[in-house]
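What follows is the residue order along each chain.
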Amino acid sequence: MDEMTATVLEYVIDEYVDEDDDMEVVSSTPLISSGIVDSFSMVSLKAFLERTYGITLPDSEATPEAFDTVDSIVHLVRAHQANA
Amino acid sequence: MAFSDATRSLFAGTLQEIQDKGLFKEKRFIRSPQGAEIEVEYPEGAATARALNFCANNYLGLSNHPEVVAAAHAGLDARGYGMSSVRFICGTQDIHRELQDRLTEFLGTEATLLFPSCLDANAGVFEAVLGAEDVIIADRLIHASLVDGIRLCPAQYDTFKHMDMKHLRKKLELHADKRTRMIVTDGVFSMDGDLAPLDEIVALGEEFDAMILLDDSHASGFIGRTGRGTHEHFDAIGKIDLITTTLGKALGGASGGCVSGRAELVELCRQKARPYLFSNSLSPVITAASLKVLDLVMSTTERRDKLEANTLRFRQGITAAGLNVREGVTPIVPVMTYNAKLANDMARDMYAEGIYVIGFSFPVVPAGAARIRVQLSAAHEPEHVDRCVAAFAKVGEKYGVIGLDKKGIIEKYGM
C-alpha cells in the first residue's frame, strides 16, 4: 500500500469507524454506499484531503461515487495533483 | 403538452426505482382523533381497524386533550381562523407574543420566536445568525432539518461521531481559528432515543468558546424533572445559546416550532430568517391551544411522570420478553432487528395483533441497523403497554428472535 492510500485509510478509520465496531475497512471497502460515510459527514473527509494535499476539490467532483472507496479517493486526489 | 408522455414516464421510472429499493412509503389513514387507541385504514381502502398506537410523538397525550380542544375552540372564536399575512406585516396577534413569552419562561431562555414548524426554525436559524467566517460542528445523527439548515448557511461545517466527546474536542481544537464556533446536537435523538451528553457539551463549549444549538423536539415537555427538556435533565438551563423545538409533538402535537435563546440571536432570526419572514406563522387557533398546553405542562408533572412510568414498564417488559432493545431512559425504544425486511415483516404482524408500529431502515437509520421504533405516551394505560409487550413476545417467537443478541439476529437474517 502506498503512502497516500495508507494516510487516507488511516484518516477514514479514525474519523468514521467507532472504536468498539469490529468492522474491517480496507482501501476497497465501499464507504458511501455501505453507509460508513454519509453525504453530511463527507465534508470532514473533503476538508482533510484539501488541507493535507493542498488541493481544492469542487463539489462537482467530490461526489458520493468519487468518494466511495479509499482507492477512488486517492485516484481523485492524484488527478488534482497532476493538474495543479 | 407541458407534461408529455416522455416526461411522465421519466417520473414514473423514478417512483419505480423507489419501489424497487423497498423504500416506498405506503399511505395510511387515521379515521379518529390521535390517541392511545385509534381507528386505522391500512392498506388504503381496507376496512377500518382499531389499533393501539405506539408510533406517535404524542408523548404527553395532549393531542386530543379536552382542555386543549376547548382552548382551540375559544381561540377560534376570539381571534378567528387565519391571518392572511406573514408576521412582520399584519400577521402577529397579541397571543403570538404571549406564546413566545410563555415559551421563554418554560425553556428558561432570554427570548423566543415562533416559526411555522421546527423544520422551518432549523432551516432558517443558521443562515440568520452565522457567516462564512464561522464554523458549525454537528453530531452526525442530528435531524435532517438541521442538516438542511446547515447546508443553506454560508458558514463552514464539520461533524463529530455520534455523542463522541473526544471527537468533538478534536474538532473544536481544529477550528479554534474561526470567528465563532457553534456545536449542534439533538437533545433526544429520534431514532435511537439516546440523550446527548449535554453536561459534557456545555463544558466543552465553555472551554472552547463555542455556542450550543440544541434541537429539543423529542424532549420538550417531558425530559427533565419538570419536563423543560434535555437542558433541565443535565442541569444546564440558561447555558444553551439556542434551543429549537416543536409544538408538533409532546406540546399539543398540531404544528409550530420556535427558536429560543440568547436575545441577540433570536432578534437576528426575527430580522433575517427566511422561513419566518416569508411564511405565515401559527394560526390563531393553534396559538391559543398551545397556550393552554403550556398551562397544563407547567402546572403539574402528572403526565410527564405517567409517561416515565409507562416507559419503565415497557422497557422492563420488552427486555424480560427477550427482545433486543437499545437501552436508555427515554420513551423512544428501538426494538432492533438489524435486517430491514425483518423489521417490516414484524411491524406488519404487530399490526395484525392490533399494535400500530413502523419498521425503519436505511437511509432513515444506518445500514444494518433496522428497527421497529416504539414510542410511549402518557395516553397509554398500563394494560396498553402490557398488550404491546405481549404482541412483541408473540411476533418475536414467530420469527425466532427471542433471546437473540445482535450477532444472533444477523446470523439468522443477515444485515
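Residues numbered from 1 in each chain as written. Chains lettered and ligands numbered in written order. Predicted model: local features only at pLDDT ≥ 70, side-chain atom pairs only at ≥ 80, totals over all residues.

**Points about the overall build of chain B**
(1) Moving on: Scanning chain B from terminus to terminus reveals 16 helices and 14 strands.
(2) Moving on: Relative to the globule expectation of 22 Å for 415 residues, the C-alpha radius of gyration of chain B, 22 Å, shows essentially globular dimensions.
(3) Moving on: If you line up chain B on its principal axes, its C-alpha atoms span 60 × 55 × 55 Å.
(4) Moving on: Out of the 415 residues belonging to chain B, those deemed buried represent 50%. (Helix = DSSP H or I, 4+ residues; strand = E, 2+ residues; numbered from the N terminus. Rg over C-alpha atoms; globule rule 2.2 N^0.38 Å. Buried ≥ 20, exposed ≤ 12 C-beta atoms within 10 Å, placed from the backbone.)

**A few points about the packing of helix α14 (residues 340-352) of chain B against helix α15 (residues 382-398) of chain B**
Residue and element names in this part refer to chain B.
(1) Moving on: Between α14 and α15, the least distance of the axes is 10 Å, while the angle of their chain directions is 135°. As judged from the angle between their axes, α14 and α15 are oblique. In terms of crossing hand, the pair formed by α14 and α15 is right-handed. On the side of α14, the interface is formed by M346, D349 and M350, while α15 contributes A391, V395 and K398.
(2) Moving on: Taken together, the residues that form the contact of α14 with α15 break down as four nonpolar, no polar and two charged. (Axes fitted to C-alpha atoms, helices over the stretch in contact; angles between N-to-C directions. Parallel < 35°, antiparallel > 145°, perpendicular 65-115°, else oblique. Left-handed = near helix turned anticlockwise from the far one by under 90°. Contact = placed C-beta atoms within 7 Å. Nonpolar A, V, L, I, M, F, W, Y, C, P; charged D, E, K, R; others polar.)

**Side note on unusual backbone geometry**
All names here are of chain B.
(1) Moving on: P43 follows Y42 through a cis peptide bond whose omega is -5°.
(2) Moving on: Omega for the bond connecting F362 with P363 falls within 30 degrees of zero, at 10°, which places this linkage in the cis form.
(3) Moving on: Position of P363 relative to the elements: it lies in the loop between β13 (358-360) and β14 (370-375).
(4) Moving on: Here the phi dihedral of D235 falls at roughly 55°; this positive angle occurs in a residue that is not glycine.

**Let's talk about helix α6 (residues 144-151) of chain B**
(1) Moving on: All of the buried residues along α6 of chain B are S145, L146, V147, G149 and I150 of chain B.
(2) Moving on: Next to the buried residues of α6 of chain B lie α5 (118-129), β5 (135-139), β6 (156-160), β7 (181-186) and β8 (210-215) of chain B.

**Topic: the pairing of β14 of chain B**
Residue and element names in this part refer to chain B.
(1) Moving on: Most of β14 is tucked away: six of the six residues are buried.
(2) Moving on: Summarising the sheet, strand β11 (residues 332-338) and β14 pair through six bridges and their orientation is antiparallel. Bridging from a neighbouring strand, Y338 pairs with A370 of β14.
(3) Moving on: Bridge count between β13 and β14: three bridges; the pairing is antiparallel. Its bridge partner lying in β14, F360 is registered against R371. (Pairing = 2+ DSSP bridges.)

**Observations concerning the pairing of strand β2 (residues 37-41) of chain B**
Residues and elements named next belong to chain B.
(1) Moving on: Relative to β2, strand β1 (residues 29-30) is paired through two bridges, and the arrangement is antiparallel. Bridging across to β2, F29 finds its partner in E41.
(2) Moving on: Connecting β1 to the antiparallel partner β2 that follows it, the hairpin turn spans six residues.
(3) Moving on: Pairing between β2 and strand β3 (residues 49-53): four bridges, direction antiparallel. Note that in β3 the partner of E39 across the bridge is R50.

**A look at the sheet that holds β3 of chain B**
(1) Moving on: Reading across the sheet, the four strands line up as β1-β2-β3-β12 (chain B) and stay open at both edges, with mixed pairing between neighbours. Edge positions in the sheet fall to β1 and β12 (355-356) of chain B, since each of these pairs with one other strand and no more.

**Topic: the interface of chain A and chain B**
(1) Moving on: With eight residues of chain A at the contact, the number on the chain B side is nine residues.
(2) Moving on: Of the residues that constitute the side of chain A that touches chain B, the class distribution is three nonpolar, four polar and one charged.

**Considerations on the domain arrangement of chain B**
Residues and elements named next belong to chain B.
(1) Moving on: Split by domain assignment, chain B resolves into domain 1 (24-53 + 302-413) and domain 2 (66-299).
(2) Moving on: The straight-line distance from the C-alpha centre of domain 1 to that of domain 2 is 28 Å.
(3) Moving on: Taken together, the contact pairs 13 residues of domain 1 with twelve residues of domain 2.
(4) Moving on: Broken down by secondary-structure element, the contributors of at least two residues to the side of domain 1 that touches domain 2 are α13 (302-320) and β11.
(5) Moving on: Top contributing element to the side of domain 1 that touches domain 2 by residue count: β11, with three residues.
(6) Moving on: Looking at the side of domain 1 that touches domain 2, its residues break down into seven nonpolar, three polar and three charged. (Domains from an automatic or database assignment.)

**Describing the sheet that holds β13 of chain B**
Residues and elements named next belong to chain B.
(1) Moving on: Taken in spatial order, the three strands of this open sheet run β11-β14-β13, and their pairing is antiparallel. Looking at which strands have only one partner, the edges of the open sheet turn out to be β11 and β13. Each strand axis lies, on average, 30° off the axis of its neighbour in the sheet, ignoring direction.
(2) Moving on: In the packing of α14 onto the sheet, the strands contacted are β11, β13 and β14, and the crossing angle to β14 comes to about 35°.

**Re helix α10 (residues 263-272) of chain B**
Along an α-helix, a turn takes 3.6 residues, which lines up residues three or four apart on a common side.
All names here are of chain B.
(1) Moving on: Among the residues making up α10, those that are buried are L265, V266 and C269. Within α10, the buried residues cover an arc of 100° as seen down the axis, which keeps them to one side. Turned more than 90 degrees away from the buried face of α10, the exposed residues are A263, E264 and Q271.
(2) Moving on: Among the structural elements, β4 (111-115), α5, β9 (242-246), β10 (257-261) and α11 (274-277) are those in contact with the buried residues of α10. (Arc of directions from axis to C-beta.)

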